Amino acid sequence: MSAIREREALRAEISAFCKKLVLSQRAVQLCETEATPKQEEFLHRVLSEEMESRERSRRTRLLSRAGFPVYKTLEGYERHGVKLPSSLQWSDLTEGTFIEGRRNLVLYGPVGTGKTHLAIAAGLRACELGMTVKFYTVAELVMRLAEAKRGGTLERLMSEIQRCQLLILDEWGYIPV
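What you see is a predicted model; the values in this text were computed from it and never measured.

What the protein chain contains, in helices and strands, is eight helices and two strands. When the elements of the protein chain are put in sequence order from the N terminus, they spell out α-α-α-α-α-α-β-α-α-β. Counting only C-alpha atoms, the protein chain reaches 70 × 45 × 25 Å along its principal axes. Here the protein chain, with 177 residues, has 28% of them falling under the buried criterion. Excluding contacts between residues fewer than 6 apart, the proportion of contacts in the protein chain whose partners are at least 24 apart in sequence is 70%. Surface exposure of the protein chain reaches about 12400 Å², of which carbon and sulfur atoms provide 53%. Positive and negative side-chain charges of the protein chain, numbering 27 and 23 respectively, have mean locations separated by a distance of 4 Å.

Here you go:
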């Protein structure tokens, strides 16, 4: 690739970074008129690293807002007792495609079989993919809904829940109403 084409490609990426970072295109204009190739490369690196930093921060925020009681991954998960419906593959869980497809997943079985572990691991994976996730035990959600109703903030809580791309409800066995 010629040097001119390389610089044009670099400027196109700088332009895309500026759009994503909500900056004007003035940096691209200055690159075209005043910058040396090294300066353009430096600017590209700065904007690229800023994008990566913001993405890491966003994922950290998503994880903390999800409300997971512990952090579990699928690494080392014993799935020998797990039976999935024919319409769902293990990769749908590990890659989060069932979430993007807006498909529900109900995990049921005896105590200690790894339902919560699997739910949390799927939720963490969804956060890593940039999705909004919220984890509640059913009892906790009922209590929060009751508190929000008493406090006049039910609409705000419902709106927060509806914005989630993945809502995980755990411990369906006991609901203190």
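At a minimum axis separation of 10 Å, helix 1 (residues 3–20) and helix 3 (residues 37–66) run at an interaxial angle of 35 degrees. The handedness of the crossing between helix 1 and helix 3 comes out as left-handed. The segment helix 1 lies against helix 3, with Arg7, Leu10, Arg11, Glu13, Ile14, Phe17, Cys18 and Lys20 engaging Pro37, Glu40, Glu41, Leu43, His44, Leu47, Ser48 and Met51. Grouping the constituent residues of the contact of helix 1 with helix 3 by class yields eight nonpolar, two polar and six charged.

Geometrically, a pair of aromatic rings is defined through the distance of the ring centres and the angle of the planes. On inspection of all chains with the given rule, the structure shows three aromatic pairs. Each ring, one from Phe68 and one from Phe135, has its centre 6.1 Å from the other, and the planes form 50 degrees; the classification is tilted. Taken together, the residues span a long stretch of sequence, with Phe68 in the loop between helix 3 and helix 4 (90–95) and Phe135 in strand 1 (residues 133–137) at a distance of 67 residues. An identical accessibility class is assigned to Phe68 and Phe135; each is buried. Taking the centre distance of 6.1 Å and the plane angle of 15 degrees together, the rings of Tyr77 and Trp90 count as stacked. Of the two residues, Tyr77 is situated in the loop between helix 3 and helix 4 and Trp90 in helix 4; the sequence distance between them amounts to 13 residues.

Turning our eyes to something else, we now look at the packing of helix 3 against helix 6 (residues 115–128). Look at helix 3 against helix 6: their axes get within 8 Å of each other, and the N-to-C directions meet at 150 degrees. For the element pair helix 3 / helix 6, the angle class is roughly antiparallel. For the element pair helix 3 and helix 6, the recorded crossing hand is right-handed. From helix 3, Arg59, Leu62, Leu63 and Ala66 reach across to helix 6, where they touch Leu124, Cys127 and Glu128. Of the residues assigned to the contact of helix 3 with helix 6, the class counts are five nonpolar, no polar and two charged.

A word on the pairing of strand 1. Within a regular strand, side chains alternate between the sheet's two faces. Here strand 1 lies mainly inside the structure; five of its five residues are buried. Burial along strand 1 is two-sided: the face carrying Val133, Phe135 and Thr137 and the face carrying Lys134 and Tyr136 are both buried. In this structure, strand 1 lies alongside strand 2 (residues 166–170), joined through five bridges in parallel fashion. Looking across to strand 2, one finds that Lys134 is bridged to Leu167.

Before going further, it helps to examine the nonpolar core. Ranked by size, the top nonpolar core spans 21 residues in total, and within it Phe68, Phe98, Val133, Leu166 and Ile168 carry the most contacts. Broken down by secondary-structure element, the contributors of at least two residues to this core are helix 3, helix 4, helix 5 (97–100), helix 6, strand 1 and strand 2. Here the element with the most residues in this core is helix 6; it accounts for seven residues. Excluding anything up to four places from it in sequence, Leu166 contacts Phe98, Ile99, Ala122, Gly123, Ala126, Thr132, Val133 and Lys134.

Definitions and limits used
- Residues numbered from 1 in each chain as written.
- Predicted model: local features only at pLDDT ≥ 70, side-chain atom pairs only at ≥ 80, totals over all residues.
- Heavy atoms only, no water.
- Helix = DSSP H or I, 4+ residues; strand = E, 2+ residues; numbered from the N terminus.
- Buried < 20%, exposed > 50% of the residue type's maximum accessible area, 1.4 Å probe, protein only.
- Contact = heavy atoms within 4.5 Å.
- Areas by Shrake-Rupley, 256 points an atom, 1.4 Å probe, with all protein chains shown as cover.
- Lys, Arg positive; Asp, Glu negative; His and termini not counted.
- Charge placed at Lys NZ, Arg CZ, Asp CG, Glu CD.
- Axes fitted to C-alpha atoms, helices over the stretch in contact; angles between N-to-C directions.
- Left-handed = near helix turned anticlockwise from the far one by under 90°.
- Nonpolar A, V, L, I, M, F, W, Y, C, P; charged D, E, K, R; others polar.
- Phe/Tyr/Trp six-rings, centres within 6.5 Å; stacked < 30°, edge-to-face > 60°.
- Parallel < 35°, antiparallel > 145°, perpendicular 65-115°, else oblique.
- Pairing = 2+ DSSP bridges.
- Core = buried A, V, L, I, M, F, W, Y, C linked by side-chain atoms within 4.5 Å.

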